[in-house]
Every structure is written in structure tokens, then in C-alpha cells.
Amino acid sequence: MAHHRRAVYALAALSAATFCYVTTEVLPIGLLTLIAPDLGRSRSEAGLLVTGYAVVVMIVALPLTRVTRRVPRRPLLAGALGVFAAATAVSAFATSYEVLLAARLLAATTNGVFWAVVFPVAISMFPANIRGRIVARLSIGSALGPVLGVPVGTWLGGQAGWRAAFVAMAVLGFVTCIAVALLLPRVTPQESAGDVGPMPDRHRFVVLLVATILAVTGAMGAFTYMTVFLLDVSGFAAASLGVLLFVQGSFGVVGTWAVGRVLDRFPLGVVLGLLGLITAAMLGLYGLGTSKALTIPLLAVAGMSFSSLIAGIQHRIMQVAPSTTDMASAGLSVAFNVGLAAGSLIGAGLLATAGIRVIPLFGGLLTAAAFALLACHEMSRRRRRGDEAARIDAQLPPVGHRAAHA
């Protein structure tokens, strides 16, 4: 009982850590108008604080995860959080843009290792039959980042200056670091990663990564410019944007919690179902986004399905991991950041050339492509298995003939 209680507390600490990472990664978006003039830079240069962060994660996630494979997981996670918190503190007191950018890039180097290790460590503390539920519970922290962390950080920056928001995240990071160091049981790399996933399959793994890039590119391309869509297409007042984004984010948190109750029984079905939902929501926004009454529920469905989808894909990745689950999670982190960067860049291009109205259509088409890729791959596998079984049966003699020979 005491072991289970400690595992639950450790899971809460790890979930808080995911909240810290997600919030801090995208926090500069809400503070751009404050950071840029304070450091004498343009808003586009300030935007590189987010883009550069994502690029570093893409570059270092896999090699750093491989280098640290033999490091015990408790000091590895606590150390990553410690460096992250220290770098965030340096960000808060940076006197120049160069120092701020360097501190952000240092924090980003810990990001890939953290996300590679945190999910395998979390599931290692609980029975195998509830791994999907644990992945979903851990993902609640990251789902809270956009709906709670970024708005509160943006508000704090407006009240006390952008540095105050980074100070708050640094303090929370240090507290979380201490909690992880004290609460996390001793976990060896072998216990957290395992040799392979329980259903190792290289083809499924690669297809899932490609589907992730497609889905994240489409979803983030739309979400990055959702406020512009809500203002220019749906006709909402600027004062209502906070409430609308809260609706989107809060449904994401609720959806992530709910998905955990069925993820262990229907791992692939959950991923396909959520891809179908987000596709319907995106295409619905494109076709019906001029109606305020219809936009609100469509926005809620989009937020719920995307946040839940991330948990579903993470669970599925660890099931089909052809190598260690930490390397598979690192690959997923790279795929997610590729989609994040591609989505924001393509969305910006569409906004400048085709207008905001088509961006949800772009998102819906890419999530539909991700759905089709996964569904067609699974149907192809089942067809091949059926053909192989039929060939084996055709090569065997009739049952009565076999019995006579016996």
C-alpha cells in the first residue's frame, strides 16, 4: 500500500514536470509584445525563442537519449529538471537577447531527454494492465500547460513584467525537481525502458511516426492561428478570446482524463477515433466557422480530441517500439516538434497567401491523411495475415487424412 501511494505521488510530481516543460516552451508566445521592446528586438526575432527551442529538441533528443541510456532514471530526471529550472531562472534575469536565447536553448537540450524517459519511468511504477491509464494521467499535466500555464504566465507578465513569468516557472521547476528526487523510486534504465515494446513492430512504429507528423502539422497549423480565425471568420470580440481558448483547453484536459479509462482496451481504436474527431472538427470549422453558435462546440471537440490524441499516440508508440521504449519516446518527441514547427510555418504561409479561412481546411486534410495512413496500414496487415493463414491451411492435408496417417 505504501509503495502504491508513493508511486501515485511520484506520478503527480512527474505530471507537474510535464506542465512546467510545456508551459515554458510556448510561454514566449504570450509575452512577445513585452519581450521584444524590452530587449530591443523585433517580434519575429522574439518568436525565434520558441522556434529555436523546437529545433534544438529535434536535433538533440535522439543522441542525448542514447548517450544517457545507462544513467539511473531518478537522477537523470531530477538532473534534467534542475538544469531546466536553472536555465529558466537565467532567462528571467537575462540582460540581452543573446543571453535569453542561449538560456532557452540550454533548457531545450533537457527537453528531449525528459520526454524520452518520463513515460517509460511512469508506467514502470504500475501494473502493465493499466499502462494506458497511467500515460493519460501523466499527460494531464501537459494538457494543462496551454489552458492554465500560458494564460496565467501571460497575465503575470502583463501585471509584473515578462521576467516575473519566467521567475514563477523557474521556482515551480525547482520545486518539481526536488519532489521528483524525493518521491521517484529507484528505477534502472532496464526497468524503465525494457528491451522492446510488448508488441514490437518496426513498420507500425514508422507509420505511426509519419501519422504523428501529419496530424501535429495539421492541428498546430490551425491552433497557432485560431485566435485570428475566431476574430476574422467567426466574428467574436477580442474580449471573448480568453474564454474561447479556455473552452478549447479545458475540454482537452477532460478528454485526456476520459481517454485513460479506455486506452488499455482499445489502443489503436482510440487513436483512430480521435483522428476522426479532430478531422471532423477542423472541416466543420472550415465549413461552419462563420456561425458563432457552431464554432464553440467545434472548438471544444478540436481541443478535446487533439490533447487526447497525444496521450493515445504516446501509449501506442511504447506498445510497438521496435527498440527500447525510451528511444521510441525520443523519436516521438522529434516527430511532434517537426509537426509543431512545420504547422506554424505552413500556417503562416497560408495566412499570408490564401487567408485565414483555409487554415482549418488544411488542418483537417492533414489529420484525415494521418487517419487514412494508419487505417490502411492496419487493414493491409490484416489482409496479409489472412492470406498467409489461408496458404498454410491449403498446404495441410485434410483432418481425416492426417488422423489416418497418425
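Colleague: Where do I start with the packing of aromatic side chains in this structure?
Modeller: Centre distance and the angle of the planes are the two values used to describe a pair of aromatic rings. One pass over the structure, following the stated rule, counts six aromatic pairs. Relative to Phe-119, the ring of Trp-115 lies with its centre 6.2 Å away and its plane at 25 degrees, an arrangement referred to as stacked. One end of the pair, Trp-115, and the other, Phe-119, are both in helix α4 (residues 97-124), four residues apart, so they sit about a helical turn from each other. Residue Trp-115 is classed as buried on the basis of its relative accessible area, which comes to 14%. Put simply, the rings of Tyr-21, Phe-84, Phe-114, Trp-115 and Phe-119 pair up and form one aromatic cluster. Across the ring face of Phe-236, the terminal group of Lys-292 is positioned such that the distance to the ring centre comes to 5.7 Å. Looking at Arg-357, its charged tip hangs above the ring of Tyr-286, at a distance of 5.4 Å from the centre.

Colleague: Any chance you could explain the nonpolar core here in plain terms?
Modeller: Side chains of a nonpolar character, in soluble globular proteins, are inclined to be buried together. Leu-14, Tyr-21, Ile-35, Leu-77, Val-118 and Leu-184 are the most contacted members of the largest nonpolar core, which totals 55 residues. Mapped onto this core, the elements with two or more residues apiece are α1 (2-38), α2 (43-67), α3 (73-92), α4, α5 (131-160), α6 (162-183) and α12 (292-320). Among the elements that take part in this core, α4 stands out by supplying 13 residues, more than any other. When near neighbours in sequence (up to four residues on either side) are disregarded, Ile-35 contacts Pro-28, Leu-49, Leu-100, Trp-162 and Phe-166. If you look at the next biggest cluster of nonpolar residues, it comprises 26 residues, including Ala-211, Val-259, Val-320 and Ala-328.

Colleague: Teacher, can you tell me more about α5 here?
Modeller: Note: α-helices contain 3.6 residues per turn, so residues at a spacing of three or four share the same orientation. Look at α5: 42 Å from first C-alpha to last across 30 residues, which is about the 44 Å you get at 1.5 Å a residue. If you look at α5, its biggest bend is around 50 degrees, right at Gly-145, and the proline Pro-146 turns up within four residues after that.

Colleague: In this structure, what is going on with a positive patch on the surface? I would like to understand it.
Modeller: A cluster of basic residues, Arg-382, Arg-383, Arg-384 and Arg-385, forms a positive patch at the surface. Here Arg-384 is to be found in helix α14 (residues 359-395). The exposure class assigned to Arg-384 is partly exposed, which follows from its relative accessible area of 42%.

Colleague: Could you clarify how one ought to interpret the pattern of salt bridges in this entry?
Modeller: Close approach of charged atoms allows side chains of opposite charge to pair. Counting across every chain of the model gives four salt bridges. Across the salt bridge formed by Asp-201 and Arg-381, the nearest N and O atoms sit 2.7 Å from each other. Here the residue Asp-201 occupies a position in the loop between α7 (189-193) and α8 (202-224), and Arg-381 occupies one in helix α14, the gap between them amounting to 180 residues. There is no split in this pair, since Asp-201 and Arg-381 are both buried.

What counts and what doesn't
Residues numbered from 1 in each chain as written. Predicted model: local features only at pLDDT ≥ 70, side-chain atom pairs only at ≥ 80, totals over all residues. Heavy atoms only, no water. Phe/Tyr/Trp six-rings, centres within 6.5 Å; stacked < 30°, edge-to-face > 60°. Helix = DSSP H or I, 4+ residues; strand = E, 2+ residues; numbered from the N terminus. Buried < 20%, exposed > 50% of the residue type's maximum accessible area, 1.4 Å probe, protein only. Lys NZ or Arg CZ within 6 Å of the ring centre and 35° of its normal. Core = buried A, V, L, I, M, F, W, Y, C linked by side-chain atoms within 4.5 Å. Contact = heavy atoms within 4.5 Å. Expected span 1.5 Å × (residues − 1). Bend = angle between axes of the 7 residues up to and from the residue. Patch = residues over 30% accessible without salt bridge, like charges linked within 9 Å, V, L, I, M, F, W, Y side chains within 5 Å. Areas by Shrake-Rupley, 256 points an atom, 1.4 Å probe, with all protein chains shown as cover. Salt bridge = Lys/Arg side-chain N within 4 Å of Asp/Glu carboxyl O. Lys, Arg positive; Asp, Glu negative; His and termini not counted. Charge placed at Lys NZ, Arg CZ, Asp CG, Glu CD.

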